[in-house]
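Coordinate analysis (summary)
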Amino acid sequence: MGLSPAGLGATDQALAELIAQGELAGAVTLVARHGRIVHRSVQGVKDLASGAPLTQDTIFRIFSMTKPVTGVAMMILHDRGLWSPDDPIAKHLPEFEGVRVRTGEGTEPAAHAPTLRELLTHTAGFGYGFNPDDPTDAAYMAAGVWTSKSLAEFSRKIATAPLAYQPGSRWRYSLSMDLQGAIIEKLSGQSLPEFMQAHIFGPLGMVDTGFHVPAAKLPRLATLYRKSPKRQALTVVERPMGRGDPSLPPTLAGGGGGLFSTIDDYACFAQMLLNQGVYGGARILSPEAVALMTANHLSDALLGAGHGVGLQQIRPGYGHGFDGAVFHDPAAAGSRVGKGTYQWDGAAGTWFWVDPENDLLFIGLIQRMAEEGAPPLQATTQALIAAAMS
């Protein structure tokens, strides 16, 4: 498949060293090329206290790697002709009709109605609702956005707050993908979990992916840890992102970060994207929908404005598609991945990319919160895989 065993071994060794140093409890990785899985690696433990090892079917919290799945759900509805990128959000969620924009002294009218293209690229004007020092986030918190009893209520509460900036003028990581869940439910007539199960997980054979972990599968769930400059050892995260019992379906299914999954399940999803919408005989998306989703939709001005979140820093050559980032000019972005590589990561350190130019996908699942000081595993493994192909 054009990948050197020594190069793949170097990728495993890099992760093994981090485990030995106490930076990670463990890691599960998978590489596929030309439609075939060419390398798997399972290292370390699922739980430090018991010493139980990670296995190929360990279930991980994939957090924001949920976002591309929500993007695919949106594109399924796009293939049905139910929405267009230039539709105003208010066409589908009328509560956003006439939404205003926050200014230093008050509010002002939006220069244009925020669109679905902007919603799918974090440029519509929303915040995320977790920073009480930010006025937009504080407004979401005061409205009880994250304690909503349904995605419809979630949407209505968000609409009571002004936008953080004029639509299209900035890139800001936000709850846009969670808000897409409300659109998916409205356009499909199904709940977000039902829609994903019926149209993505079921057809792709993703048997261990969902918004909760059934009790019978809980022994397979990896314990989640964190380590920061203030914490010199990995410590257990008791309530990840405020989530309680993982065996119970959540009140609010988070299209931005609510899924649990396994390496094999997510590989099916990633291979579907690489195959332009089809996998295992199931056609999930049209090739045109995949192309639209995985294209850069940011202007040159936004690419050069210094936006980003965590390890995902928007820059020339590295922009944003729908619900994920894309290398439209890898050389300009300082990367050796192929042109058109689409990727994202998760708050628990998980990461993936699909590289159509090299017909390759990579998935890495770990259980360490991606806080300050966390290793940049996506960039590290991309460099190592590029070396394995050279």
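Whatever comes next refers back to the structure up there.
Positions within a chain are numbered from 1, following the residues in the order the chain's sequence is written. Reporting of local features is limited, given that this is a predicted model, to residues whose pLDDT is at least 70; pairs of side-chain atoms are given and counted only at 80 or more, and all residues count toward the totals for whole chains, interfaces and linings. Excluding hydrogens and water, the side-chain figures rest on all heavy atoms present in the structure.

**Brief notes about the packing of helix α2 (residues 66-79) against helix α9 (residues 263-274)**
Under this scheme, a helix contributes an axis fitted over its contacting stretch, all axes are lines through C-alpha atoms, and angles between N-to-C directions fall in the 0 to 180 degree range. Helix and strand assignments follow DSSP, with helices taken as H or I runs no shorter than four residues and strands as E runs no shorter than two, numbered in order from the N terminus. Across the interface, α2 lies against α9 with an axial gap of 12 Å and an inter-helix angle of 50 degrees. The orientation of α2 relative to α9 falls into the category oblique. Crossing handedness for the pair α2 and α9: left-handed. Across the interface between the two elements, P68, V69 and V72 of α2 pack against Y266, F269, M272 and L273 of α9. Convention used here: angles under 35 degrees read as roughly parallel, angles over 145 as roughly antiparallel, angles from 65 to 115 as roughly perpendicular, and any remaining angle as oblique. By the definition used in this description, the sense in which the near helix is turned from the far one sets the handedness, with an anticlockwise turn below a right angle giving left-handed and a clockwise turn giving right-handed. What makes two residues a contact is simply this: any of their non-hydrogen atoms within 4.5 Å.

**Quick look at the environment of G324**
Assignment of secondary structure puts G324 in the loop between β13 (318-320) and β14 (325-327). Considered as a pair, G324 and S64 are 260 residues apart in the sequence and their alpha carbons are 9.5 Å apart. For G324, the residues in contact, after removing those within four places along its chain, are Y342, Q343 and W344.

**As for the pattern of salt bridges**
Pairing between side chains of opposite charge can happen when their charged atoms approach one another. The term salt bridge refers to a pairing of a side-chain nitrogen on Lys or Arg with a carboxyl oxygen on Asp or Glu at a separation within 4 Å. Applying the stated criterion to the full structure yields twelve salt bridges. Salt-bridge contacts for D86 lead to R117; the nearest nitrogen and oxygen are separated by 3.3 Å. Placement of D86 in the loop between α2 and α3 (89-92) and of R117 in helix α4 (residues 116-119) is noted, with a sequence separation of 31 residues between them. For D86, a relative accessible area of 52% puts it in the exposed group. R117 gets classed as partly exposed once you look at its relative accessible area, which sits at 25%. D208 serves as the salt-bridge partner of K217, at 2.7 Å between the closest nitrogen and oxygen. Judged by its relative accessible area of 22%, K217 is partly exposed. Salt bridges sharing partners connect three or more residues here, namely D57, D208, K217 and R220. Accessible area is worked out with a 1.4 Å probe on protein chains only. A residue is then buried under 20% of its type maximum, exposed over 50%, and partly exposed in between.

**A word on the pairing of strand β1 (residues 26-33)**
Extensive coverage of β1 is indicated by the burial of eight of its eight residues. Only strands joined by at least two bridges in the DSSP assignment are considered to pair. With eight bridges connecting them, β1 and strand β2 (residues 36-44) associate as antiparallel partners. Bridge assignment links A32 to a residue of β2, and that residue is I37. Connecting β1 to the next strand, β2, in antiparallel fashion are two residues, including H34 with a positive phi near 50 degrees.

**Let's talk about the nonpolar core**
Throughout, nonpolar core names a set of buried Ala, Val, Leu, Ile, Met, Phe, Trp, Tyr and Cys residues whose side chains join them through atoms within 4.5 Å. V72, F126, I200, F269 and I363 are the most contacted members of the largest nonpolar core, which has 86 residues in total. Looking at this core element by element, the count peaks at nine residues for α9. Those residues in contact with I200 that lie beyond four places of it in its chain are V69, V72, A73, I76, F195, M206 and F269. Membership of the second largest hydrophobic core comes to 15 residues, among which are L18, L360, F362 and A388.

**Considerations on the sheet that holds strand β15 (residues 341-345)**
Across the sheet, which stays open at both edges, the seven strands sit in the order β2-β1-β17-β16-β15-β14-β13 with antiparallel pairing between neighbours. Each having just a single partner strand, β2 and β13 make up the two edges of the open sheet. Each strand axis lies, on average, 15 degrees off the axis of its neighbour in the sheet, ignoring direction. Bridging between β14 and β15 involves three bridges; their strand directions are antiparallel. Bridge pairing links F327 to T341 in β15.

**A few points about the packing of aromatic side chains**
To pair, rings of Phe, Tyr and Trp, with the six-membered ring standing in for Trp, must have centres within 6.5 Å; the planes then decide the type, stacked if under 30 degrees apart, edge-to-face if over 60, and tilted in the middle. According to the stated counting rule, one finds 15 aromatic pairs in the structure shown. An angle of 65 degrees between the planes, with centres 6.4 Å apart, marks the rings of Y342 and F352 as edge-to-face. Of this pair, Y342 sits in strand β15 while F352 is found in strand β16 (residues 351-355), placing the two residues ten residues apart along the sequence. Residue class for Y342 comes out buried when judged on its relative accessible area of 0%. When the ring of W353 is compared with that of F362, the centres are 4.7 Å apart and the planes differ by 5 degrees; the resulting orientation is stacked.

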